[in-house]
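So the chains spell out like this:
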Amino acid sequence: MPLTFPIEAINVVSEIGATQTVASDRPVRSDDLELLGVERPYLDASGFTGKVGETTLLPNGTNLVIAVGLGDSELTVSEVRRVSASLWKAATKVKSLSSTVAMVAAQTMGAEKALQAVIEGMLLASYRFDEHKGMTEDPSFLENVVIVAPDGVDASKALDRGLSVARAIALARDLVNHPGGSMTAIGMAGEAEKVASETGLEIEIWNRERLEEEKCGGILGVNAGSTEEPRLIRMTYRPLGESRATIHLVGKGITFDTGGLNLKSFEGMETMKIDMGGAAAVIGAMSALSSLAPDVTVVGTCCCTDNQPGPNATKPGDVLKIRNGKTVEVLNTDAEGRLVLADGLSIAAEEAPDLIVDLATLTGACMVALGNEYAGLMGNDAGAVARVESASSAANEKMWHLPLPKEYRKQLDSPIADLRNIGTGRLGGALTAGLFLKEFAGNTPWVHLDIAGPVTTEETTGESSKGATGFGVRTLLELAVSW
Ligand code: BES
Ligand code: MN
Ligand code: ZN
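Residues numbered from 1 in each chain as written. Chains lettered and ligands numbered in written order. Predicted model: local features only at pLDDT ≥ 70, side-chain atom pairs only at ≥ 80, totals over all residues. Heavy atoms only, no water.

Enquirer: Just checking my understanding: could you explain the packing of helix α3 (residues 77–90) against helix α4 (residues 101–109) for this structure?
Expert: With their axes 11 Å apart at the nearest point, α3 and α4 run at an angle of 180° to one another. In terms of axis orientation, α3 runs roughly antiparallel to α4. Across from V77, V80, V83 and L87 in α3, the residues of α4 making contact are V101, A105 and M109. Each residue belonging to the contact of α3 with α4 can be placed in one class, and the counts come to seven nonpolar, no polar and no charged. (Axes fitted to C-alpha atoms, helices over the stretch in contact; angles between N-to-C directions. Helix = DSSP H or I, 4+ residues; strand = E, 2+ residues; numbered from the N terminus. Parallel < 35°, antiparallel > 145°, perpendicular 65-115°, else oblique. Contact = heavy atoms within 4.5 Å. Nonpolar A, V, L, I, M, F, W, Y, C, P; charged D, E, K, R; others polar.)

Enquirer: I keep staring at the coordination of the manganese ion (ligand 2) and nothing clicks. Help me out?
Expert: Six octahedral donors at a metal ideally form angles of 90 or 180 degrees, and four tetrahedral donors ideally form angles of 109.5 degrees. Within the protein, the manganese ion (ligand 2) binds to D257 (OD), D334 (O), D334 (OD) and E336 (OE); these donor distances fall in the range 2.1 to 2.2 Å. One can describe the site at the manganese ion (ligand 2) as irregular: its six donor atoms subtend angles covering 71 to 169° at the metal. Mapped onto the sequence, the residues coordinating the manganese ion (ligand 2) show the spacing D-x76-D-x1-E. In this structure, the manganese ion (ligand 2) is positioned 3.2 Å from the zinc ion (ligand 3), and both are ligated by D257. On the criterion of sequence distance, the pair formed by D257 in strand β9 (residues 246–257) and D334 in the loop between β12 (327–329) and α12 (337–350) is long-range, its members being 77 residues apart. Here D257 falls in the buried class, since its relative accessible area comes to 3%. (Donors = N, O, S within 2.8 Å, 3.2 Å for Na, K, Ca; no water. Tetrahedral: all angles 85-135°; square planar, octahedral: opposite > 155°, others 65-115°. Buried < 20%, exposed > 50% of the residue type's maximum accessible area, 1.4 Å probe, protein only.)

Enquirer: For this particular structure, what's the right way to read the domain arrangement of the chain?
Expert: A common measure of how large an interface is: the accessible area buried when the components associate. Each domain of the chain was delimited in the assignment, giving domain 1 (7–153) and domain 2 (180–481). Relative to domain 2, the C-alpha centre of domain 1 lies at a distance of 37 Å. Between domain 1 and domain 2, a total of about 740 Å² is buried, with carbon and sulfur atoms accounting for 40% of that surface. Counting the surface domain 1 buries against domain 2, the share from its top three residues, R81, K89 and L124, is 49%. Where domain 1 meets domain 2, there are two salt bridges. Put simply, R474 and E120 hold a salt bridge, and the shortest N to O gap is 2.4 Å. Inspection of the domain 1/domain 2 interface yields four residue pairs in polar contact (both at pLDDT 80 or more). Here the side of domain 1 that touches domain 2 is built from residues that sort into four nonpolar, two polar and three charged. (Domains from an automatic or database assignment. Buried area = accessible area lost by both parts, 1.4 Å probe. Salt bridge = Lys/Arg side-chain N within 4 Å of Asp/Glu carboxyl O. Polar contact = N/O pair within 3.5 Å; in protein donor to acceptor, adjacent residues only side chain to side chain.)

Here it is, written out as structure tokens:
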């Protein structure tokens, strides 16, 4: 998959060089305008208000000056990314851009963080998924980006980190944006293998035979109606020095969710190539660990298969035996994510890591509750929940803590098996799904992220473009780096 961005070169310099400056931006403070040869009345007349990320183009002799708003309070890291994304967009008609935003941001967050944020924002704003597009559109392409940063900053480190994080998010987006017909479980495993060979991660892939030996009855049960093979992908990052903790990530990797025999409607099925967004976030995050080098061990397990209604498909009323020995009466084949995650969580729990985090596009109910921008967060341990919440706020990925009410657990009681795979009514569907997963995390601190809403977006704005968002990658990386 192409993971290059339409930017040919990024140079970090410590002073604006006159010859390199074709387009230049400055924080719009009245005292700076003169320096850029911009007259205040022009700026006012353009309607510019200075909101974070707002841009306006102004002439200065043969140069174009991009005025970019920085708001009126201290910039946060995510605001710097947004500002930088706006700059890239404002500059797509020119071939070269020079920016001093990192200079301003460095004053509050340090030069390296500022530089990294400028790089990430710019690269992600340039992300697009155009593999299947004709060449009719004029691709915007920047030949040269010059970032002015304070003297003495470790520019290559910031560049490397910014590039790794942007590539990790772009990888997660690419995996999700790819059609379900081509991004199968085998395809996902192939992409994960590429990541592992590029970054030196350990990787193990389980095929159907191995999944049978390993008693992964959930994944096999969901896969039963498909002609595509399932895959369980397991990637491991180990720090060079001593490891301070182990985090085990588990991703739902349903490469296409037809609903199975409980077939989805036309409207319900249309977007279901996105149902491997949890696994995509895990693979994306794993891909950046070697260059961010946190001193914790991270294991990523992705449970991949499509969910199809073929002749051998699991039927409503069938009973599956999950890896940890619990049995599940499948009353709705469209509640398949929890079945594959049950195997993944069982594997993670066996190894008793310090924390398990699963990510899954699990329920429409979570979208009804929280809308498109917030992930639902549930967990069995207050400390674990607090850790993930603080990582998510540092990453600027919105999540809302939902309960796992004991009172609802009885909705999952089955007369013939240990559990049913759906609650008895339609209400509280995100919570009964969370309660189901809880049965497989054992006593290990565990957090479940239902990312059905934020996995995609309708809007092209700031760092994101219509389609997959790569949601979750940043929180997972923050979690590892800040442990
Ligand atoms: N993959 C879907 C959830 C989903 C829906 C994600 C819409 C993104 C957008 C999941 O497998 C599913 O079908 N869930 C059912 C559960 C129900 C049968 C208990 C749902 O939410 O309707
Ligand atoms: Mn489903
Ligand atoms: Zn699904």
